[in-house]
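Residue-level structural notes
The primary structure of each chain is shown beneath.
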Amino acid sequence: MQHVIDVHDLIKTFQRRRQPPIRAVDGLSFSVRHGSIFGLLGPNGAGKTTTLRVLTTLSRPTAGEVLVEGFDVVKQAVEVRRRISVVIQETAAELFLTVRDNLSTFGRFHGLTPAVIRSRTADALEQFELGPDANRKVMDLSGGFRRRVQVAKVFMVDTPVVFLDEFSTGMDPLLKRAVMGRLREEAARGRTIVLTTQILSEAEELCDDILILDRGRQAARGDVHSLKLLSSGLYDVSITFDRLPEGLEADIASYGAVRHRITQNTVVVTLKEHESSILDVVSALARKGHVLRLEINGATLEDIFVELTQKSRKEAR
Amino acid sequence: MNALSAVMFREGKIRSTNVTFIFWDLVYPLAYLLVFGVGMTAMGLDVPGTGMDYNAFFLAGVLGMASFGIASNTAWSFFMDRDNGIFYEMLTYPMTRAQYLLGKALFNLLIALGQAAITVLLASALLGVSIRWPGVPLLAAAVFVGTAGWFFFYAIFALIIRRNDAFNAVTSVFYFVFLFASSMFYPIEPLPAAFRSIALANPITWQVDVLRYATVGVGAPSSIAVEAVAFAGFTAVAFGTALWALSREQ
């Protein structure tokens, strides 16, 4: 099978009492390749979690067709559930059970035999550094550890599709890196990973296919490289001065910066300029004070994300 | 079956983390009978129209009350699951919504059966209640279907009402209305007509009457059969509505 997920004209509307309905997803169509790491990105309220809830059978579409591994999420919901494991956005764990029991109960729901449950529980405990806490009740663990238990569960099973909604929330950087490595391995083994994230560097590093959503619609689609092409002419200029020059903010504003950020003696400016004129702007800025460090980079996923969502909002007005 | 046993396993695991809770679940109807039933019996009054002492009459009532209580506690656990976030994660597990509801009910039905067995055996041994032993299969069925019916009934409200405190207020009202406007504590025949009509329309009266017939042989088989069928219908409607309420979560 070429596509693991097929979404056609998905619409999800929420009815509200005495208020007009909200169309959270508005005619969305996309498909996800087998074995890929697919990122759903977008600002708050873009429709990422709603889309994920439909894909994971938690929510019924108002209109449209959604297939996971060829099974309809409404008519064949149980078949879909047999093929997915899900990390929802909220921390979800059996608080009264031990870490070990949380893992084994999950395995049982997915029909694993006791022997397989034992060996995979041991692996997951080791991988997620949960061994010392294996026999502690989850209610006695910190929020970060609870999230760890939640994410560890999806590695207990072999479901062909894994959905992760903001999986790295509350994780320390080392564990996050380890989980990202493990997700890459799982994708290489043929599992399809679908994730949403607000941390764009995470998506840039992990995803080989990205869909940017805004107001329930597709704002852009492609891999990181093709998305960056959508934003040619966008540059991040970082200049560190020995002392921040006076009136620098006014100067930056006069250059029509897309955005800028000043932290202590460093200014980071995002400019949309032709290549030839970017150096003029940089040298003008550099003449304002004594420069300790200068860096010019092409657009990041964050730049593209901001530009596309702002553009889409302007068009909507 | 795998999904049902997984839900039961989960419920059992959670319940087994608190042995005191399990112990109280199992002996609570007996304790109620030993305190309230013995107190009333000590007044030396036979229950009008039955010719039996209060302990024998109240045995069925306390079993019905236990079904009602275990059902409301089980339904309340939906709030706990929601608070833990696990409720929504579980809805993505490989099972139907019906299996989720049934699995949750089944573990607690086992507790209810254990509870009934302890209560009936010790009521016979300690209080001298004369049990109609051939009625035990009917007793088991009435406890089983009764507890399931009340669980599905409470689940409707637990799934529709999103606030724990609002659900607690609803259950308080239900306890007052259902338990007292019924044949649980007293026979309904001597009651004023209006009160009696309400009690006759109360499903807990149907369940308690079947339990009373099964345990001590009070009641006419024909009217008990009607009440049993009516309670089975109540359970089926409550299950369908709870399933609808669970699907509304989407």
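Rules behind the numbers
Residues numbered from 1 in each chain as written. Chains lettered and ligands numbered in written order. Predicted model: local features only at pLDDT ≥ 70, side-chain atom pairs only at ≥ 80, totals over all residues. Helix = DSSP H or I, 4+ residues; strand = E, 2+ residues; numbered from the N terminus. Buried ≥ 20, exposed ≤ 12 C-beta atoms within 10 Å, placed from the backbone. Contact = placed C-beta atoms within 7 Å. Nonpolar A, V, L, I, M, F, W, Y, C, P; charged D, E, K, R; others polar. Core = buried A, V, L, I, M, F, W, Y, C linked by C-beta atoms within 7 Å. Domains from an automatic or database assignment. Pairing = 2+ DSSP bridges. Axes fitted to C-alpha atoms, helices over the stretch in contact; angles between N-to-C directions. Parallel < 35°, antiparallel > 145°, perpendicular 65-115°, else oblique. Left-handed = near helix turned anticlockwise from the far one by under 90°.

Focus: the overall build of chain B
Scanning chain B from terminus to terminus reveals 10 helices and two strands. Along chain B, helices and strands appear, N-terminal first, in the series α-α-β-β-α-α-α-α-α-α-α-α. Based on the C-alpha atoms only, the size of chain B along its principal axes is roughly 55 × 40 × 30 Å. With 250 residues in all, chain B has 46% of them scored as buried. If you take every contact in chain B between residues at least 6 apart in sequence, the share linking residues at least 24 apart comes to 77%.

Side note on the interface of chain A and chain B
Opposite the 25 residues of chain A that make contact, chain B presents 19 residues. If one sorts the elements of the side of chain A that touches chain B by residue count, helix α3 (residues 99-109) of chain A sits on top with four residues. Class assignment of the residues belonging to the side of chain A that touches chain B gives a composition of 11 nonpolar, seven polar and seven charged.

Topic: the nonpolar core
Judged by nonpolar contacts, the single largest core of 160 residues is most densely connected at Phe163(A), Val194(A), Leu59(B), Ala155(B) and Ala242(B). In terms of residue count, the dominant contributor to this core is helix α3 (residues 54-83) of chain B (15 residues). Of the residues that make up this core, three or more belong to each of domain 1 (3-228) and domain 2 (233-298) of chain A. The contacts of Leu59(B), once residues within four sequence positions are left out, are Leu33(B), Ala123(B), Val129(B), Thr215(B) and Val216(B).

Looking at the pairing of strand β12 (residues 259-263) of chain A
Residues and elements named next belong to chain A. Taken together, the five bridges between β12 and strand β13 (residues 266-272) define a ladder with antiparallel strand orientation. Residue pairing for β13: Arg261 is matched across the bridge by Val268. Remark: two residues form the turn of the hairpin made by β12 and β13, two consecutive strands paired antiparallel; Gln264 in that turn has positive phi of roughly 50°.

Structural notes on the domain arrangement of chain A
Domain boundaries assigned for chain A yield domain 1 (3-228) and domain 2 (233-298). For domain 1 of chain A versus domain 2 of chain A, the distance between C-alpha centres works out to 39 Å.

Section: unusual backbone geometry
With phi around 50°, Asp9(A) is a residue other than glycine that occupies positive phi space. Summarising the element assignment, Asp9(A) is placed in strand β1 (residues 3-16).

Some points on the pairing of strand β14 (residues 291-298) of chain A
Residue and element names in this part refer to chain A. Counting buried positions along β14 yields zero of eight residues, so the element is predominantly exposed. In this sheet, β14 lies alongside strand β11 (residues 234-241) in antiparallel orientation, the contact comprising seven bridges. From the neighbouring strand, Thr240 faces β14, where its bridge partner is Arg293.

Some details on the sheet that holds strand β5 (residues 71-72) of chain A
All names here are of chain A. Pairing is antiparallel across the open sheet formed by four strands, whose spatial order is β2-β1-β4-β5. Strand pairing shows two members of the sheet lacking a second neighbour, β2 (19-33) and β5, which therefore form its edges. Note: β1 against β2, 10 bridges, orientation antiparallel. Pairing of Val7 across the sheet is with Phe30, part of β2.

Structural notes on the sheet that holds β14(A)
Residue and element names in this part refer to chain A. Within the open sheet, the four strands sit side by side as β12-β13-β11-β14. Their pairing is antiparallel. Strands at the two margins of the open sheet, each flanked by one partner only, are β12 and β14. Strand-to-strand, the axes of this sheet are offset by a mean angle of 15°, without reference to chain direction. Where β11 meets β13, seven bridges bridge the pair, whose relative direction is antiparallel. Each bridged residue has a counterpart across the sheet, and for Leu234 the counterpart in β13 is Lys272.

Examining the environment of Phe178(B)
Residues and elements named next belong to chain B. As for its placement among the helices and strands, Phe178 is situated in helix α7 (residues 164-180). The class for Phe178 is buried, based on 20 C-beta atoms found within 10 Å. Excluding anything up to four places from it in sequence, Phe178 contacts Phe68, Asn202 and Ile204.

Describing the packing of helix α1 (residues 2-16) of chain B against helix α5 (residues 97-127) of chain B
All names here are of chain B. Two elements in contact, α1 and α5, have axes whose closest approach is 8 Å; the angle formed by their N-to-C orientations is 45°. Taken together, the axes of α1 and α5 are oblique relative to one another. Viewed along their axes, α1 and α5 form a crossing whose handedness is right-handed. The residues of α5 that touch α1, namely those facing Ala3, Leu4, Val7, Met8, Glu11 and Gly12, are Gln99, Tyr100, Leu102, Gly103, Lys104, Leu106 and Phe107. Residues that form the contact of α1 with α5 fall into these classes: eight nonpolar, three polar and two charged.

Some details on the environment of Phe174(B)
With respect to the element layout, Phe174(B) can be found in helix α7. It is 9.9 Å that separates the C-alpha atoms of Phe174(B) and Ser72(B), two residues lying 102 residues apart in sequence.

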